[in-house]
Every structure is written in C-alpha cells, then in structure tokens.
Amino acid sequence: MTPSLGLRGWLRLPVLALASLSWSFVSATSHSFENTAIVRTVDLGGSLVHVTTTYAIRALDNGAQQYLVTLGEKEAHSTSWFEAKLKGQNEPLTIATRPLIPHDGTYAYIVDLPKPLGVNGTVNLVVESVLTHTTYPWPEKASQKDEQSLKYEGDLLVLSPYRTATQRIKVRAPAPRIISYTTPKGLDAFTTDNVATKSSATITYGPFSNIPPSASTAFIEEHQKHIVVHYYFEHPVVEITSLKRTAEISHWGANLNIQNDIDLHNAGPALKGHFARIEHQSQSYFNRLAPHIIPSLTFHLPPGIHSAYYYDLNGNVSTSRLRLTPSIPKAAQMKQYSTLELRPRYPLLGGWNYTFTLGWDSPLADSAGYDASTGLYVVSVPVQTVIPGAVVNQAEVKIILPEGATDIGVFPPFSPLAQERSTHITYLDTIGRPSVALSFENLTDKHNGLIYVTYKVPLSAHLQKPKAVSIAFGVLFLVAFLARRVDLSLSK
Amino acid sequence: MPKAYPLPTDLSPATVANTASLVRIVAFAFISGAAIASRLFAVINFESIIHEFDPWFNYRATRVLASKGFYEFWNWFDPTAWYPLGRVVGGTIYPGLMATSGVIYNLLHSLHLPVDIRNVCVLLAPGFSALTAWATYMFTKEMKDESAGLLAAAFIGIVPGYISRSVAGSYDNEAIAIFLLMFTFFLWIKAMKQGSALYGTLAAVFYFYMVAAWGGYAFITNMIPLHALALTLMGRFTNRLYVGYSSWYAIGTLASMQVPFVGFQPVRTSEHMGALGVFGLLQIVAFVELVRSHVSSKQFQQLLFSGVIAAGILGTLAIVGLTYNGSIAPWTGRFYSLWDTGYAKKYIPIIASVSEHQPTAWPSFFMDLHFLIFLFPAGVVLCFKQLRDEHVFVIIYALVASYFAGVMVRLMLTLTPIVCVSAAVALSSVFDTYIDPTEPEVSDGDKVDASKKDKSAATPASGASVVGLLTEMVTSGPSTTKKAKPTQRGIFGLDTRAAVIVNALGMLLFFVMHCTWVTSVAYSSPSVVLASHNQDGLQLIDDFREAYYWLRQNTPKDAVVMSWWDYGYQIAGMADRPTLVDNNTWNNTHIATVGKAMSSSEEVAYPILRKHDVDYVLVIFGGMIGYSGDDINKFLWMVRIAQGVWPDEIQEPRYFTPQGDYRVDDQASPTMKNSLMYKLSYYRFPELFGGGHAQDRVRGQMIAKPGPSLDYLDEAFTSENWIVRIYQVKKDDPLGRDLKSANAFDQGKKRKRTRPPVRRRSLA
Amino acid sequence: MLLPFFLLLALPAIVLAAKDSTHQRLVKLAAENNGVVKLDAKTFDLIISPQRDWSASIHFTALDKRRKCTPCREFEPSWVAVAKAWSKVLPSERDSHFFATIDFDDGQMVFQRMGLQSAPVVMNYPPATGPRKSANPDTPITHDFSYGFDPQPLAEQLSAFTPIPIPFRPPINWAKWGVGAFFTLSGVLAIRFLAPVLRNRWTWATITVLTSLVMTSGYMFTRIRGMPNTAPDGSWISPGFQSQYGQETVVVASLYGLLSASFLMLTLVAPLQTSPTRQRTQIYLWTGVVFILFSVLVSFFRVKNRGYPFKLLL
C-alpha cells in the first residue's frame, strides 16, 4: 500500500498530452539507431499469444534516448499488453506514447531509454507483448471425443524504422505436435539458406539479414509475409466475453465486498453433433476428457476472504469447493491464495456459454490504508481475478465508495477505455454512495494490477446511517403512540 | 368462598388490564416469530428458492410486474406460453398475489431497501402466516375470548395443515388467501353481530381482495349466504343480519366483478347463485318484518306470508329456469367434481390426474392436524352449547369444510383454520375450568342427581354419557346455570387441576414437536432441488436447474420446448423458453396433443412435433437414481388424456402387457416400447451398465438390450443424474430422404468404413 | 370353351351373392337372439370377413360356471341391454352394425388366435368396405372398461362405432323412486311430531359431530376409491400412508369421538359434580382415558407411517 506507486499514474498525464506532437520530432531523429539483432519468440497459446522481442540496439549518434518500437497494423490491433524493459532489469521503462501513433501503415510506441546513449552505445531492449484473438479453432467443429487444434495467423517480419542487421523469429507451440506451418517464399533478398526450420515444438524463421528500415507501407507490401501455424492445443480455450466487477467499500462493516458477473464462453471448436452424457461420464471416469471440455475452473481469490457466494440466474450453485487461507500482513510479499474450484452447472463443451455471479467479502483492513495527516483513505481493488490463459473481452470495474465520500481520486494501473462517476443507492442510504466505473477490453493474465482509490469521509457522513434509522423508528413510535392515545370516535 | 390456591388481591384492575394486554402482545410476538421461523426450514436446508411448479409462474409474473409496472403487467400477453396460441396473462390470473408482492417490493425500494424481488416472493408466505395468526385470533376472540384467541393463533401458526402450503418459497395464491379468508370471516362476524355497514363494507373489500387472490373465494361466496340462510331459518333474522349481509353482498359482488378473470361470473354462474338467492330472500324477509310491524290484521299477515313464500319459490324457479336455458352457466367441472366425486375421472382426467385432487385418507388428517382433529368436535359441541349467531357460522363451516377436506387433499387447507378455532375453544374452556381457583362448597343436597351423573359419566361408552349430558344441557338451557348458582360448578382440590392441566400441556408440547418434525421432514423440500442422504451427509441433486440453465444458455431464444404440462411453468421460469403446455391447464386439446405425441410412435409423433415447431423435447426420467415422480410413472395419464380426444388412435389397454400390468422391461407391450416417451426415457440407458443388467431403479425392472434407437430426434442434453433428458427434433433431411432411411444410411456407411482393414488382414 | 368366360363374368356376382348371404345370415341371427349374434369359430370368421361393409362389436366372454368368470357375469346384462337398445333402431342403420358375443367354450381357438388371456373383452371392428370403411379395418379397437360395467358409459363409448348413436335409456329404477316418495310423504305427515326433534339443537349437534368425525377419518376416501371394508386376507389395516380400509374409518372415527367426548366430560360434566370424591375419580378417569386413547391413536398412526419418531405409552 504505497500511494507513490499510484502517483506514477499522475506523471503519465503530461506525457499523454505530449504524445500527439512528439511523432514529428521523433521521426526526425528516427535514423539515430540501428538494430544489430532482433530475436522474436512467439509463444502460441489458447486465446492468448505471448510475444517476446529482444532488440539489440546500437546508437548512431549522441544523445539518442527515444527508441521507436513499431508494429504492423493487425499486430497493433490485437496487442492488448505492451511492456518494454532493459535486459536483465525488471523495472519497466516508461512508454512515452499510448494510444500508439499511426504512421505509414505502422504503429509506433516510443520507449524512453533510461539514459541517452553515446555513439555506438549499445543496449538490449526486451519488449513483451500479449496478443489476443489471433488464434481460432480449426477444424471449427469437433465432436465430444475429438482433439482440439488451433490455427495461429500473424505477420512474419519484425518491423522497425531502423536498419536491422539480422533478425530471427521463433514460433513455439505448446506441444511438439504441429500439424502444419507456412514456409514463406520470396525472402531470398534477406536470407540464403532455408527460411523455416522445425525442431520439436519450435519453428524458427530466418535468420534474415540486412533488412532496411521496414516501418513503411512500401516495405510491408513488398516483403512482409503472412504465416499460419496449425497446432494441437491440450487445454480448453477459455474466453470471458464480459466481466462486471463491483467492489463495494463499507466502513461500518469494515468490509470490502467484491462481486463479479461473468459471462464464460468456451472458444474452442464448437460441439459437432450433440452432447451425450454417457460419453462424458465414461470420459471423466477414465479421466480422459477431451481437451476442449471445461468441466471446472480454478480461481485464485485473495486470502482472508469469507462468505463467498456463487450463483446464477437460477439460484445458488452448490457444486464448488473453496479452500480458504487466512489473510496475510500487508507488507508480506509471498503469494498466498484462497483457491476456489468452481464447477459450472454443466460441463462447458465447445461453443457453450455459462453466465454466473461470483462474490466474496474480505476484511477492509487487508486492502485499505488511512493517512492521518491528510485524512485520506486509500483502498486498492484488483482489476480482475485472473484465469490463466483466458482473455476478458469486455470488463467493467465499478468501485462503490462509502456514503458521503469526498475528494475522490482513482489511479488505475493502466489507462482504461472510459471512466465515469455515478451514485449507487443500497440498504438504508439516504443520499446514495458515489461510485466510479472503469471499463477495459481484452484483459489478459498480465493485466493483474490494482486500482487505487483515495477519498475522504467526514464524520457526519459516518453518522448518516444511524441518524436516518433512529429518526425513522422515532417517527414510527410517535405515530403508534398517537394512534393509541388519540380517540377519534364520534360517539361519546 | 374457598379457593384452591391464593391469588394476589392487592392489584388494581388497571394494572391487571395493562399486564394482560402486555402479556397478550408479547405472546403474540412469540406466536408470529414461531409461525415465521417454522416456515424457514426450506431456506435453511436449501436456499431462498421458489418451490414446485405454479409458484414459478407467479414468480415470473411478479418479476414482470416489478420490472415493467402494473399496467404492462395488466395487459401482458405472453406469447411463449401455450405456443403457438399464447396466453393473455392479465386476464387469466388472479393478480392479488403478484400485486401484493409488487406493492411490498416498491415500498421497500422507496425506503432504500433494495430487496431482491425473489426474496420478497420467497418470504411472502411466512410473513402472511403471521397475519393469518392474527386474523384467527380476532375471529376466535369473537367466538369465545382472548385466551381462546391466543390458543387458536398459536395453533394456526404452526399447524402442518397450513404450513404445507405456506413454507418459505411456496409462492402460491394460498399463501395470502388463508389470511384473507379468516379476516373476511372475522369482518363478516363483526358486521353480523353489530349490524354495522362499515364492517360489512370492510368485509366486502377484503372479499374483493380474496377474489383477486384465489379461486377458492367461492368458498366465502357460499359460506356467508349459508350462514345467513341458516340464521333466517332458525328464526334469528335481525336487522343487523340484514344490514351486514346486504352491504357485504352488494359491494362485494360489484367489486369482485372488477377482476377481469372473474368478470360477470358472479351473476352468471351457479356457484354464485346461492349468494344472490339469499340476498333476495333477505330482502323479502325484511320486507315482511317491516309490514308485520305495521300491519295488525291476522289474515292479511297470513296472506302476505303465503305471498312471500310464493315469491321465494318463484325466485328459485326463475334461477333454475335460467340455468336450464343456459343464461346461467351450470356448475363448472372443478366445482362439480366436489359433489359427484366420480365426475372428474370420467370427464376431466386432467383434474383427476393432479395429485392434490385425490381424496384424503385419515393418516393425512392426523399428520396435518394432530390432536386438534379430535378436539375439533368437542369445540363444535361447545359452540352448540351456547348457540350464539356466530357459533352457527363455526358449525356450518366445520360441517362443510370437513366434507371438502375429505374429498380433496388440497382442501385440507380450508378445514385447518376452523379446526384450529374450535379446538382452541375446546382447550381454552378446559383451561378456564381447571385454572379458575374458586372451589364450590360441598353440598350433599342432591345425591341422587350426582350419582346419576356419576354413573352416566363412568360408563365408558361415550355415546350414552354424551346423550345424558345433552339431555341435561337441554333441560338446563344454555349457560344460565353458572349465573343461577355459581357455587354449583367448579373443581375441588389442586391435584385434579394439576392432573388435567399437565395432561393438556403435555399434549400441547407433543403437538409442537409433531409440527416441527412434520414441517422439517415432509413439507420443506422445494421439488426443484432434491436432497439425497448418503454416507457423507446430505447431498443435493440439482438436475432440473442444470438442464433448464443449459436450455437458457445454449439454445436460441425462440426454441420451442415440448414437455408434459407439469414442467411448463418451470421451463418458462428457469429456462425462459416457449413451451407448448403448462400448469394452467386451460386447453385440454393442446395437452392431449402433447400426450398423443408422447404416447405414439416416432413416425406418428414427428409430424405433430414439426407442425408445432417443436425444437426440443424434454422428459423427466428417474430410473437412473430412483426418482419416482418421473414421466414414465405419469405416462398413463398422458395416454388417457390423449385417448379422450383421439379414442381411435390411442388406447390405454395397448400400453399394458396381455396380463394387464404396466411394465417397461422386455415384456412391455410393443406399443409401449415404440412410444416416444419410452424411447426418450431409455435411450442409451442400457449402455450405462456396460455388460450388467440395466435396472430401472424406480420400476425395479430390467431394460431390454439393446436400448431403443431414435431416428427423428437426437439427444441434445442429459443432466448429471439423468433426471432431465432433452432431445432435439431433427429438421427435414437436406437430401429430402425421410429421416429413418437417412439415419439407417448413415449407420450403414459407418459400418462399411470399419470393414476394409478386416478384409485386408484376411488377404495377408 | 365359353364356360370359363361365363364363369369369369359370373365371379363378381358370386362373390357379391356370398357376401349378401353372409349379411342376411347375420341379420337373421341377430334378430333371433334379440340383437346379439351368438358366435362360434366359423361365424366369427364370417362376421369379420375382409369384405364386410358393416361394423361389429364383439364381446368375448366366458359365462360358463366352470370358468368362474365373475366379471363376465356382471357385464353380461349391460351388454344385452345395450344390444337390445340397438336392435330397436331402423333396419337401415341397424343392419350395418352388429352386436355379437362369443363364449370361450364355443370358440377356444378364436381366443387363442386373438391371444386373449382375460375376459370380458369387447372389440370393435370397423367396416372394411363400403361408405363407412375405415383406414385400418383389420385392427379392432378394444373397449376400455375403465368406466366400469354400467350400460350407460358402454353405450356412449360404443356409439363412436355405430352409424348413429345407440338410443340407450337406462331403465327407470322404480324402487328407488318409491322409497324416496314414501319417506318424503311420511316426513311431511310426521312433521308435527318431528318438529321438536328438528328444533332441538342437540339433534343437529349429533348430526354435525358425527358427520365431521366420519369425514375426518377418511370415509370419503374409501367411498371414492371403492376401498373394501377389510383386506381379502382379513387384515383391516391397509399398509401405506396414502390408503386405508373401511374398517379403519370406523376405528379412527370412534377413537376421535371417545377422545373428544372425554374432553367434554372434563369441561362440562365434571364441574357439575358436587361431591369431591366422585368428581376426583371422574376427572382422573377421563384424564386417563384421554391419555391412553391418545397413545393408542399415535401407535396406530405409527403403523401407517413407519417413519414417525414419536410415541406415548405404547
């Protein structure tokens, strides 16, 4: 609970303002670098594809500090997470610009290097990004017994506004059983020996050498290649089409209630034919469920939670197991979880949906802090509860503050699509509670940050509820009293 | 005058009165608490969920009311029910229940208490049970006094006969109807006693509420006139009766006609003619009384009297005549089947098929009323002893209700309140007698009389002693002896008092234990979720919701589901899909169509299914875990109902073995084996057992192997314990073949595919 | 050489003649035995001959004493009555539908061929040819006895197969009417003597109490379900919670009656007692009676409802 972390959010604002104008200035200096080597590793997965690109950079002139990482159009659109680090360090570099800047068929991130490089100064830049919706099941339908195979489609070459001495692209499938992959033609300009080689689960493209600055439509049209990899995938492809998270902060109950309305979808191959329970029972009896069936999900809930609930439109779902762990001191860094093994009412076969609501209470002290000097409360709310390998298409996180909270500040870990305020009225409220709603899209397992909310609550607001209740009862008694005492009958 | 035990004498009457009222209030709080708490077993054992079948419709309607507002609800046409006919919901229901919970819902929300509408619905019945206890208290107070009232309230609060229809979650009309019943009767008694038009109007208002809430309002419509008639015949006609009845009838009838579903019935159907007739009669009698008070001449009075008689007879004849020429509808079937008990089975099998329309065997009486059932006649006798006007009401009620309760299990509900009332009267008079400390002084005066009474009492044959008692009562007249010589009546000694009171208290205790047990065991399971006790404790069987939720999530919004009518409301409520038939069984033909489809072979059923755009067929099958309420056990009713409409296509005897018993194993008749229901229930069932015997756990019979095969339908979903099985109706074959041959062709191809390797091996 | 040709011409005529003759014969048989054709193996094949343009309701029975078929003998009179009613209609319709009876002893192989193990059975054969021919003439429609053996429902159901509804009138039950008339008359005459009894509240009290006792002890159940007074094997308690025998009604009703009577004794009679000792004995007596009878009732209930956990004395 260090607000300073949150303050990085503040720093970002001027940068955002600066972003729009910075392109021209950058492009002017865009020949100040050279990539001695680029290695890109594409880790194929279910709904997520992790891409790690390592740029070995050499500066061509003094004081160059802003390095441009460019992405092709499709790649840019499917990239939902982008992070740049220096090799061997884990403090991420500040990305000067987002939203990214379109230019000549490519999209660029401006990475601020920690210190300007001298001539021939080199540095190794590691860029991690996560792509969503770049794979799709193929064949599109699979029967209950069939295996599951996916196709990945993407561009081959790594684009860069700088010259690139050599670059190599590795595509790594989860299992060595790769059905097919494309061997692109017409790259003889950059390479002599064979373009693609497959060793066990990895396909290596390149090395390609002496690539001119490639961040331009001309180059893309001429040289950029489109590759397709068709591979077996052993795990279900989980997709959450919509996640609505409501975090309600209650000071009276010293309680933080978090409730998620989740629309689950099995994005694997659609079920061919029909669901036969007997097949399913025998499969699960012999523990040989087809990979595209989701019998249950495991959630890692925060420690110290209590009274968790799990229901859907038809009421309580009794088929789930929750293993609680006590809450841990705030300072402690070790990861502990309460694991919830959650079974839908029915096994989720390919293409099936399941909508449910999952919520729990946790002691407010675990995630809240109070700064006596400023009288500011700080509460941290996780953006989402990560399901490994799952993508969240639409997410809305709504944080409901105590009644009468003032000077509200919100510091999300990464910039939301939209952010709006409203008032939410619940039990025994008189004026209603201020609430903040942040909406995101394409959340991945990297998006597991905390949203920090700061606010003040005056004493009068604390006492609002008891006041209201006691007044109500007082009135009630008064009425009863009068009704007893006053005699309205005419006959005397 | 001697006392059995001392009483504090230094209390001012005011203190006593205040203490009494305080004690009453406290007692009342406890009674309400007990009434509500004992209905929460279902919520605690399971969850806050709507029970059974009809409540699901009420719940759905209430949701519409709560979300869309009253006018939307009022002219709500539900296209998904009775597909493709649809249903005008606003005009075909008693809206009282939904309106009530809608009002409560909006009230709570206006107070910033955002309660979920489901919880309002679930907890409505327990809440109203507390009100019922109060209404019963008021009613009984009119009969005897507060103490009897409190007893009656306690009884009705926890008696299983009423709990059975009002546990938390059984969100049905009866939940509020019993309160309205008792309160209307209470108001009527008030009106009749005081002759106040105000109470008469109030009675009418609550009568209107009752009409809007429950079809059983006809009970009130006939009870009150019956009471008035009886009083008139007993020569107890008074202007108070006249005022009370007239104001109730006039306002009540007009009000009741405002409910669309009732409409003009109050003047057009025989159920309501009694009230009208008595209304007319009272007018005539009142007129006669008036004239008699003014005219003196004897002959003229006689003339007038005969004229009145004639008028009465003419009126009756007129009603009868109107009934015959059809402008007054004769008794409706449901009502008529109460009198001619064989009627329903012959002409309306749907009504006969409902389990709660079966006659009642004595154990269910004892189960539902326990020791009240034998205190009840005693109370009636006590009512006869001091025969005030209101007691006549209790007597008639007792007579009528006990008959109805004998004929139909569900009418136990109407019997329960009066049993509680009169049992309370009996018990509280026991307490009065034995707690009252005044002892009579010993008088050896009338030994003979005493010995006579002693003998009569000592004879174990109660009949004789009762007769002796009765004669004694008749001679001594009602309740004059006490005032005449107060010392004559009373109990000697403490031990006798102790004995009787301890005995009575023991019974009360036993009653409480009984009620708790019955409620927790028999009446608190929402038939949506089943509980099974196995070695590791209680385990829930949630197949219904599993399957319904699957339908809801993974089928197109407009997919039509066909099932037997029992499950119509649940499918509409939980799966939110159109259904062919549901639990308001207004269209016999439509139900018979479903029955026919279920009970005829696939080839015959398929065109029916396609004609009704059926996409999914849902059957309930208990053979896997032994759930006995499944469709195979209801199958004969489907056959019967279908036979009623297509006697030449469906015949019940064909579904029996030649020996005439109902079997599902290899001896089952071919018609049975080919019926859709049989196939859908047992499709792939034998495979489940691999090599072993495929035993149906409900019927305890072995299913022949290989199990039935399907050509026109496809298994779409089967719930975890196989209770709910959903099948998809195949669309027409793209190549225009008929599906049977298409299916055969596919399987043939599969077989061919597997052949070649074999041949190759033989070559090598 | 022309002969075969003539024969050829004649053939249809012959067939027709044969058919007509069969029909005539059936009509005659029916006329002899007022409306019911008495069948044996041969005539059975005639009446269901594939060219029939008539319909037939055939009654399979075994009236012989040795067969011990009580239901057959119960059903016989209604069958005869309905057939007789049918024989009253105009010949034009009458002769297009036949009522026939075949006894087990006259056509055993017919029974075997039809695979009938039980009697009585009524099968309706729709016509195979002619205007009223049905879709599938060779599957007879078995009559459903679920409405009992009375002639009225029988006639109603069979009317579905006859060209016109069977004009069946149930014979007027003079005896019933007579009795009713007698009692009403005597009642009217005796009104002046009965008046005090009718005016006496205790008459009505007795009626009310007895009625409610009988009703609340399951009398209507036995009535509607037609339960016997005791089981065939003489046991008078029917197992199972949802059923009971007539005997139980009596026992339970009297238990209830005694219990409430003893309560009345305690409330009404005992206080009138003026000598302490007698009163004390009385009170203890009735309290004991209540307690004992109640425990008897509970144990009886335990017999009906096995799972019931509570018990008093026994």
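Rules behind the numbers
- Residues numbered from 1 in each chain as written.
- Chains lettered and ligands numbered in written order.
- Predicted model: local features only at pLDDT ≥ 70, side-chain atom pairs only at ≥ 80, totals over all residues.
- Heavy atoms only, no water.
- Helix = DSSP H or I, 4+ residues; strand = E, 2+ residues; numbered from the N terminus.
- Rg over C-alpha atoms; globule rule 2.2 N^0.38 Å.
- Buried < 20%, exposed > 50% of the residue type's maximum accessible area, 1.4 Å probe, protein only.
- Contact = heavy atoms within 4.5 Å.
- Areas by Shrake-Rupley, 256 points an atom, 1.4 Å probe, with all protein chains shown as cover.
- Salt bridge = Lys/Arg side-chain N within 4 Å of Asp/Glu carboxyl O.
- Core = buried A, V, L, I, M, F, W, Y, C linked by side-chain atoms within 4.5 Å.
- Buried area = accessible area lost by both parts, 1.4 Å probe.
- Polar contact = N/O pair within 3.5 Å; in protein donor to acceptor, adjacent residues only side chain to side chain.
- Nonpolar A, V, L, I, M, F, W, Y, C, P; charged D, E, K, R; others polar.
- Axes fitted to C-alpha atoms, helices over the stretch in contact; angles between N-to-C directions.
- Parallel < 35°, antiparallel > 145°, perpendicular 65-115°, else oblique.
- Left-handed = near helix turned anticlockwise from the far one by under 90°.
- Patch = residues over 30% accessible without salt bridge, like charges linked within 9 Å, V, L, I, M, F, W, Y side chains within 5 Å.
- Domains from an automatic or database assignment.
- Phe/Tyr/Trp six-rings, centres within 6.5 Å; stacked < 30°, edge-to-face > 60°.
- Lys NZ or Arg CZ within 6 Å of the ring centre and 35° of its normal.

**Student:** Just to check I follow, could you spell out the overall build of chain C for this structure?
**Tutor:** In terms of helices and strands, chain C carries 11 helices and five strands. Its C-alpha atoms give chain C a radius of gyration of 32 Å, more than 25% over the compact-globule value 20 Å for 314 residues. Dimensions of chain C, computed from C-alpha atoms along their principal axes, come out at roughly 125 × 55 × 35 Å. Burial statistics for chain C: of 314 residues in total, 43% are counted as buried. Excluding contacts between residues fewer than 6 apart, the proportion of contacts in chain C whose partners are at least 24 apart in sequence is 61%. Summing over all exposed atoms, chain C offers an accessible surface of approximately 16300 Å²; the carbon and sulfur share of this is 68%.

**Student:** Is there a simple way to think about the pattern of salt bridges in this case?
**Tutor:** Proximity of charged atoms lets side chains of opposite charge pair with each other. Within the structure shown, the criterion is met by 48 salt bridges over all chains. Between K144 of chain B and D432 of chain B there is a salt bridge, with its nearest N and O atoms 2.4 Å apart. Note that K144 of chain B is positioned in the loop between helix 6 (117–143) and helix 7 (146–158) and D432 of chain B in helix 22 (residues 412–435), a separation of 288 residues in sequence. The exposure class assigned to D432 of chain B is partly exposed, which follows from its relative accessible area of 34%. A network of salt bridges, in which partner residues are shared, links E248, E403, D429, R433 and K465 of chain A.

**Student:** Sorry if this is basic, but what is going on with the nonpolar core here?
**Tutor:** Counting 256 residues, the largest nonpolar core has F155 and F371 of chain B as its most contacted members. Sort the elements by how many residues they give to this core and helix 22 of chain B lands first, with 15 residues. Setting aside anything within four residues of it in sequence, one finds F371 of chain B in contact with F155, L427, M507, L508 and F511 of chain B together with F294 of chain C. F33, A59, V111 and F208 of chain A belong to the second-largest nonpolar core, a separate cluster that totals 59 residues.

**Student:** Just to check I follow, could you spell out the interface of chain C and chain B for this structure?
**Tutor:** In many analyses, interface size is given as the accessible surface area lost on bringing the parts together. Facing 75 residues of chain C, the contacting portion of chain B comprises 85 residues. Here chain C and chain B share an interface that buries about 7300 Å² over both sides, 72% of which is from carbon and sulfur atoms. On the surface where chain C and chain B come into contact, there are one salt bridge. Counting across the interface, chain C meets chain B through 12 residue pairs in polar contact (both at pLDDT 80 or more). With 18 residues, the top contributor of residues to the side of chain C that touches chain B is helix 11 (residues 276–304) of chain C. Residue composition of the side of chain C that touches chain B, grouped by class: 43 nonpolar, 24 polar and eight charged.

**Student:** Help me understand the interface of chain B and chain A, please; the structure alone is not making it clear to me.
**Tutor:** With 28 residues of chain B at the contact, the number on the chain A side is 26 residues. Of all residues in chain B, the largest losses of buried area upon contact with chain A belong to H112, Y549 and Q553 of chain B, amounting jointly to 25% of the total for that side. A salt bridge links D542 of chain B to R345 of chain A; the shortest N-O distance between them is 3.1 Å. Along the contact surface separating chain B from chain A lie 19 residue pairs in polar contact (both at pLDDT 80 or more). Those elements that place two or more of their residues in the side of chain B that touches chain A are helix 27 (543–554) and strand 9 (713–718) of chain B. It is helix 27 of chain B that contributes the most residues to the side of chain B that touches chain A, eight residues altogether. Partitioning the side of chain B that touches chain A into residue classes produces 12 nonpolar, six polar and 10 charged.

**Student:** Please clarify how the packing of helix 1 (residues 13–37) of chain B against helix 6 of chain B should be interpreted in this entry.
**Tutor:** The description of two helices packed together rests on the angle between their axes and the distance between the axes. Residue and element names in this part refer to chain B. Contact geometry of helix 1 with helix 6 gives a least axis separation of 8 Å together with a crossing angle of 140°. By the angle class used here, helix 1 and helix 6 are oblique. Here the hand of the crossing between helix 1 and helix 6 comes out right-handed. Here helix 1 contributes R24, F28, I31, S32, A35 and I36 to the contact with helix 6, which in turn contributes P126, S129, A130, A133, W134 and Y137. When the residues that make up the contact of helix 1 with helix 6 are grouped by side-chain class, the tally is nine nonpolar, two polar and one charged.

**Student:** So what exactly am I meant to see when it comes to a nonpolar patch on the surface here?
**Tutor:** Residue and element names in this part refer to chain C. A cluster of nonpolar side chains, I191, L194, V197, L198, W204 and I207, forms an exposed patch at the surface whose accessible area comes to about 530 Å². Elements with a minimum of two residues in the nonpolar patch: helix 7 (174–199) and helix 8 (201–216). Per-element accounting of the nonpolar patch gives the leading share, four residues, to helix 7. Within the secondary structure layout, I191 lies in helix 7.

**Student:** Explain the domain arrangement of chain A here, please?
**Tutor:** Residues and elements named next belong to chain A. When its domains are assigned, chain A resolves into domain 1 (3–232) and domain 2 (238–468). Inter-centroid distance (C-alpha atoms) of domain 1 to domain 2 is 32 Å. The interface of domain 1 with domain 2 comprises 24 residues on the first partner and 32 residues on the second. With both chains or domains summed, domain 1 and domain 2 bury close to 2400 Å², and 57% of this area falls on carbon and sulfur atoms. If you sort the residues of domain 1 by the area they bury against domain 2, W81, Q144 and Q148 come out on top, with a joint share of 27%. Put simply, domain 1 and domain 2 have one salt bridge between them. Residue K446 is joined to E128 by a salt bridge in which the shortest nitrogen-to-oxygen separation is 3.1 Å. Counting every contact that joins domain 1 to domain 2 gives 13 residue pairs in polar contact (both at pLDDT 80 or more). Elements represented by at least two residues in the side of domain 1 that touches domain 2 include exactly helix 1 (3–28), strand 2 (48–59), strand 4 (79–86), strand 7 (122–132) and strand 9 (141–142). Per-element accounting of the side of domain 1 that touches domain 2 gives the leading share, four residues, to helix 1.

**Student:** So what exactly am I meant to see when it comes to the packing of aromatic side chains here?
**Tutor:** A ring pair, where both rings are aromatic, is described by two values, the distance of the centres and the angle of the planes. Considering all chains together, one arrives at 91 aromatic pairs over all chains under this definition. Their ring planes at 85° and their centres at 5.6 Å tell us that Y346 of chain A and Y354 of chain A sit as a pair that is edge-to-face. Overall, the relative accessible area of 0% leaves Y346 of chain A in the buried class. When the ring centre of Y549 of chain B is taken as origin, the NZ or CZ atom of R345 of chain A, which lies over that ring, is 5.9 Å away.

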